[in-house]
Amino acid sequence: MKIGLIGCGKISTAYLECAPLFPVLEIVRCADLLPERAEVRAKEFGIARSGTVGELLADREVDLVINLTVPVVHAEVNRAVLRSGKHVFCEKPFALNRREGARLLELAGKRELRIGSAPDTFLGEAHQTCRKLIDEGGIGKVVAATAFFGSRGPEGWHPNPDFFYQPGGGPLFDMGPYYLTALVNMLGPMARVTGFATKGMEERFAMVPGTKIAVTIPTHVTGAVEFANGAVVTVIMSFDVWQHTMPMLQVHGTEGSLQAGDPNLTGGAPRIYRPEKKAWEDVPLAFPTIYPKEYGRGIGVADMAEAIIAGRPHRANGEVALHVVDAMEGFLESAAKGRAVRLRTTCERPTLNFLTAN
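Just so you know, these numbers come straight off a predicted model, no measurement behind them.

A. Region of the structure containing the environment of valine 72. You can see valine 72 is positioned in the loop between strand E4 (64–67) and helix H4 (74–83). Between the alpha carbons of valine 72 and phenylalanine 163 there is a distance of 7.9 Å; along the sequence they are 91 residues apart.

B. Just the layout of surface pockets, in detail. Taken as a whole, the largest pocket holds about 1,200 Å³ of empty space. Contributing to the lining of the largest pocket are 46 residues, with Ile11, Leu68, Thr69, His158 and Phe163 lying nearest its centre. Listing elements by their share of the lining of the largest pocket, those giving two or more residues are helix H1 (12–18), helix H3 (53–58), H4 and helix H7 (170–187). Its residues placed into classes, the lining of the largest pocket shows 27 nonpolar, twelve polar and seven charged.

C. Highlighting the side chain of threonine 69. Assignment of secondary structure puts threonine 69 in the loop between E4 and H4. Accessibility expressed as a relative area gives 18% for threonine 69, which makes it buried. At 2.7 Å, the side chain of threonine 69 and the side chain of asparagine 67 are in polar contact. Those residues in contact with threonine 69, other than ones at most four positions away along the chain, are Ile6, Gly7, His74 and Val77.

D. Main features of empty space enclosed by the protein. Throughout the structure, instances matching the rule amount to one cavity of 30 Å³ or more. In this structure, the largest cavity occupies an estimated 90 Å³ of space. As for the largest cavity, its lining consists of 16 residues, and the residues nearest its centre are Ser117, Ala118, Pro119, Thr181 and Ala321. At the level of secondary structure, the elements contributing two or more residues to the lining of the largest cavity comprise H7 and helix H9 (318–337). In terms of residues, the lining of the largest cavity owes the most to one element, H9, which gives five residues. Residues of the lining of the largest cavity, tallied by class, amount to twelve nonpolar, three polar and one charged.

E. A look at the nonpolar core. Phe94, Leu183, Met186, Leu187, Val225, Phe227 and Val251 are the most contacted members of the largest nonpolar core, which has 72 residues in total. Here this core takes eleven residues from H7, the largest share from any one element. If we ignore the near neighbours within four places in the chain, the residues touching phenylalanine 227 are Leu183, Val184, Leu187, Gly188, Pro189, Met190, Ala191 and Val233. With 32 residues, the next largest nonpolar core counts Leu123, Ile299, Val301 and Ala302 among its residues.

F. Inspection of the packing of aromatic side chains at higher detail. Going through the model one piece at a time under the given rule, you end up with six aromatic pairs. Plain terms: the ring middles of phenylalanine 149 and phenylalanine 239 are 6.2 Å apart, the flat faces sit at 75° to each other, and that makes the pair edge-to-face. In this pair, phenylalanine 149 is assigned in strand E7 (residues 142–150) and phenylalanine 239 in the loop between strand E12 (232–238) and strand E13 (249–253), connecting sequence segments 90 residues apart. For phenylalanine 149, a relative accessible area of 14% gives the class buried. Here the aromatic residues Phe149, Tyr165 and Phe239 are joined through ring pairs into a cluster of three or more.

G. Representation of H9 within the structure. The terminal C-alpha atoms of H9, which comprises 20 residues, lie 28 Å apart, in line with the 28 Å expected from a rise of 1.5 Å per residue. Summarising burial for H9: 15 of the 20 residues are buried, a large majority. Its side-chain oxygen at 3.1 Å from the backbone nitrogen of glutamate 319, asparagine 317 defines the N-terminal cap of H9. Two residues or fewer after H9 comes glycine 338, characterised by a positive phi angle close to 75°.

H. Structural context of unusual backbone geometry. Omega for the peptide link from lysine 92 to proline 93 comes to -15°, which places this bond in the cis form. With respect to the element layout, proline 93 can be found in the loop between strand E5 (87–90) and helix H5 (98–110). Here the residue pair alanine 118 and proline 119 is connected by a cis peptide bond, since its omega of 5° sits within 30 degrees of zero. Mapping proline 119 onto the fold places it in the loop between strand E6 (115–117) and helix H6 (125–135). Unusually for a residue other than glycine, glutamate 112 sits at a positive phi of about 55°. Within the secondary structure, glutamate 112 is located in the loop between H5 and E6. We classify glutamate 112 as exposed; its relative accessible area is 72%. Even without being glycine, lysine 278 reaches a positive phi, approximately 55°.

I. Molecular detail of the state of the cysteines. Applying the stated rule across the entire model yields zero disulfides. A disulfide-free cysteine, cysteine 30 has its sulfur positioned 4.2 Å from the sulfur of cysteine 8, the nearest such atom. Owing to a relative accessible area of 0%, cysteine 30 belongs among the buried residues under this scheme. A disulfide-free cysteine, cysteine 90 has its sulfur positioned 15 Å from the sulfur of cysteine 8, the nearest such atom.

Conventions adopted
Residues numbered from 1 in each chain as written. Predicted model: local features only at pLDDT ≥ 70, side-chain atom pairs only at ≥ 80, totals over all residues. Heavy atoms only, no water. Helix = DSSP H or I, 4+ residues; strand = E, 2+ residues; numbered from the N terminus. 1 Å grid on protein atoms, 1.4 Å probe; cavity = no way out; pocket = protein on both sides within 12 Å on 5 of 7 lines; lining within 4 Å. Points joined across faces, edges and corners; volume = space filled by probe spheres on them. Nonpolar A, V, L, I, M, F, W, Y, C, P; charged D, E, K, R; others polar. Buried < 20%, exposed > 50% of the residue type's maximum accessible area, 1.4 Å probe, protein only. Polar contact = N/O pair within 3.5 Å; in protein donor to acceptor, adjacent residues only side chain to side chain. Contact = heavy atoms within 4.5 Å. Core = buried A, V, L, I, M, F, W, Y, C linked by side-chain atoms within 4.5 Å. Phe/Tyr/Trp six-rings, centres within 6.5 Å; stacked < 30°, edge-to-face > 60°. Expected span 1.5 Å × (residues − 1). Disulfide = S-S within 2.5 Å.

Right, here's the structure in full:
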């Protein structure tokens, strides 16, 4: 499929580096609010055409658009792409709330177009191996899980971190989708959430000395998710942690515990604890490695393109993305109202197995 890419900032390099691994993807045009930035990316990665967003949307050769803009305009750009008659795959979150997310799915349905959304790391070999092991009863009935992300925030490494502290950013909307999507992949849909939220500082300091960033959203969110299958998961997402020794994602069953690894990565070595062995052991990967490096992006786009051609559902789809947005919005609603929030959406668990790269 002929692919256009909108948003040529930092994350674009991960997609552009990995796209050649998938024969189904041919990136033919890139665009940015700053056309000169798109021109730089085009020259760097050998893309034939670059320019404005309007030029890309008018390009009849482009079948599917990868939306890598900042979160606050994700929904607006997704809408424009769909109205131009093209499929869209968006970086997370694909919308800032369940209402605008539902409208996007409605628009895509009316126009017979597809919406896909990051994260797609759950399609990587490590998380697919965990999914297979759980499906086969490797840890028995799943009872509980823990999801933990903690850092001091992205201003120490990102050149333009302001958007991380605006709506659509923060640890919940920035990192939460990786963890919640990985859990939906392993456990199925969520039923209700409860949450608490706070922020450690009113201002942050960017890499450029003296540059201040106003913090407008919570930077520490904690709570719990009750899944439809009865499992209860503890969630902590924070930009207010100096250092920690917590595992990122663990799933606990009646016959053992599973450590899934970093949901931000496709690879890694899952580990399992079985009571009869009284020790943690590495789990052999059940699927081939996709990327030369663990930090890869693009398998969700490739699976979506293959699915469109074959006429089958794609795995990193809009229904899963909307369900995750529903849960994240639910955390903040629960924190504000002081009570549990029942989710308004559900989704099908993405099917096991995935597209492998060359």
